[in-house]
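The residues making up each chain are set out below.
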Amino acid sequence: MTDRKAQTGVLLAIAAYSMWGVAPMYFKMLLEVPAPDILLHRIVWSALILVVLVVLLGQISKVRQAVANPKVMKILLISGLLLAGNWLLFIWAVNNDHLLDASLGYYINPLLNVALGRLFLGERLRRLQKYAVGLAVAGVLILVVSFGQVPWIALALAGSFGVYGLLRKQVAVDSLPGLMLETLLMMPFAIVYWIWFASPASNMLENDMALNITLICAGIVTTAPLLCFTGAARRIMYSTLGFFQYIGPSIMFVLAVLLYNEPLHQERLLTFALVWSGLALFSFDSLRHFRQNRKAQKAALARS
């Protein structure tokens, strides 16, 4: 792997997670549009852009392979529904001043993924990973005890995306053609909603040009970071890519507190502190494990 290739991968990873981090600023521009309407536009315009990208990038054969497999298509339908639900909740949370909850959810997600891997894939947790998950659980329990309610937005976002990732592990479809098929499977639901249930804000024949352009940009907001992410994944190791995943929720946290003035109570700050501590442990353990594996591989090559 050349240094230039690795540097390009790192820049693409930073771009991807940064765009996911600032995405709430886009959705805040659509406060007058109901969350389900924004979701339908996100599905429709993303599907159209993804179809063009798949054709231009020559990935039609991968799409054909997936379509020919009924099991794969069933899993993609379920994962598509989960993804649409995650998108809907995220849009609603952002536009109803729950960006801190969304940020917490995406901080929790990597730790939840470890727990899901243990439960459903039989993956063994290393000692520090157990401590990391425990710290996140403790942080959530503090909110439950302090406020008397479960932080359902954060847990639902983390849970839906975690299960989505778990399902996508079960199908051998690359991210770009897979996302295209997921959005196409959601398209009939989006069209039905657009025709019979959407608000007047989704009537593009009556909207002003600025609103229509903003709605169409939902497709770009969805696909641009994905393209950067897939480009990064091809250039750097996936374990390295994981260290950049905290950029997104960190930007969301800063936006929520400094730009949108969401209240950061002491109990909530303590929850974030515990989750951050868990993530620090998780990252340290992942880095140490990666270095140990690389050292063992080099030793094995030297002996052969």
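Described in the following lines is the structure provided in the data block. (Residues numbered from 1 in each chain as written. Predicted model: local features only at pLDDT ≥ 70, side-chain atom pairs only at ≥ 80, totals over all residues. Heavy atoms only, no water.)

### Here we look at helix H11 (residues 247-259)
Alright, step 1. When the terminal C-alpha atoms of H11 are compared, their 17 Å separation across 13 residues agrees well with the 18 Å that a helix rising 1.5 Å per residue should span.
Alright, step 2. Within H11, the full set of buried residues consists of Gly-248, Pro-249, Met-252, Phe-253, Leu-255 and Ala-256. Seen from one end, H11 has its buried residues packed into an arc of 165°, which puts them on one side.
Alright, step 3. With its phi angle positive at about 55°, Asn-261 sits one or two positions after the end of H11. (Helix = DSSP H or I, 4+ residues; strand = E, 2+ residues; numbered from the N terminus. Expected span 1.5 Å × (residues − 1). Buried < 20%, exposed > 50% of the residue type's maximum accessible area, 1.4 Å probe, protein only. Arc of directions from axis to C-beta.)

### A closer look at a nonpolar patch on the surface
Alright, step 1. A cluster of nonpolar side chains, Ile-191, Val-192, Ile-195, Trp-196 and Phe-197, forms an exposed patch at the surface whose accessible area comes to about 550 Å².
Alright, step 2. As for its placement among the helices and strands, Ile-195 is situated in helix H8 (residues 175-196). (Patch = residues over 30% accessible without salt bridge, like charges linked within 9 Å, V, L, I, M, F, W, Y side chains within 5 Å. Areas by Shrake-Rupley, 256 points an atom, 1.4 Å probe, with all protein chains shown as cover. Salt bridge = Lys/Arg side-chain N within 4 Å of Asp/Glu carboxyl O.)

### Focus: the environment of Phe-27
Alright, step 1. Locating Phe-27 in the fold gives a position in helix H1 (residues 3-27).
Alright, step 2. Its relative accessible area of 1% is what places Phe-27 among the buried residues.
Alright, step 3. For the pair formed by Phe-27 and Ala-15, sequence separation is 12 residues and the distance between their alpha carbons is 19 Å.
Alright, step 4. Setting aside its immediate chain neighbours within four residues, Phe-27 contacts Ile-38, Arg-42, Phe-90, Ile-91, Val-94 and Asn-95. (Contact = heavy atoms within 4.5 Å.)

### A closer look at the pattern of salt bridges
Two side chains of opposite charge can pair, provided their charged atoms sit close to one another.
Alright, step 1. Using the criterion set out here, one finds six salt bridges in the structure.
Alright, step 2. With a shortest N-O distance of 3.2 Å, Asp-97 and Lys-28 are connected by a salt bridge. Residue Asp-97 is found in the loop between helix H4 (70-95) and helix H5 (99-120), and its partner Lys-28 is found in the loop between H1 and helix H2 (35-56); the two are separated by 69 residues along the sequence.
Alright, step 3. Owing to a relative accessible area of 14%, Lys-28 belongs among the buried residues under this scheme.
Alright, step 4. Arg-168 is the salt-bridge partner of Glu-182, the closest N and O atoms lying 3.2 Å from each other. Taken together, the positions of Glu-182 in helix H8 and Arg-168 in helix H7 (residues 152-168) put the pair 14 residues apart, joining distant regions of the chain.
Alright, step 5. What makes Glu-182 buried here is its relative accessible area of 1%.
Alright, step 6. You can call Arg-168 buried: its relative accessible area is 13%.

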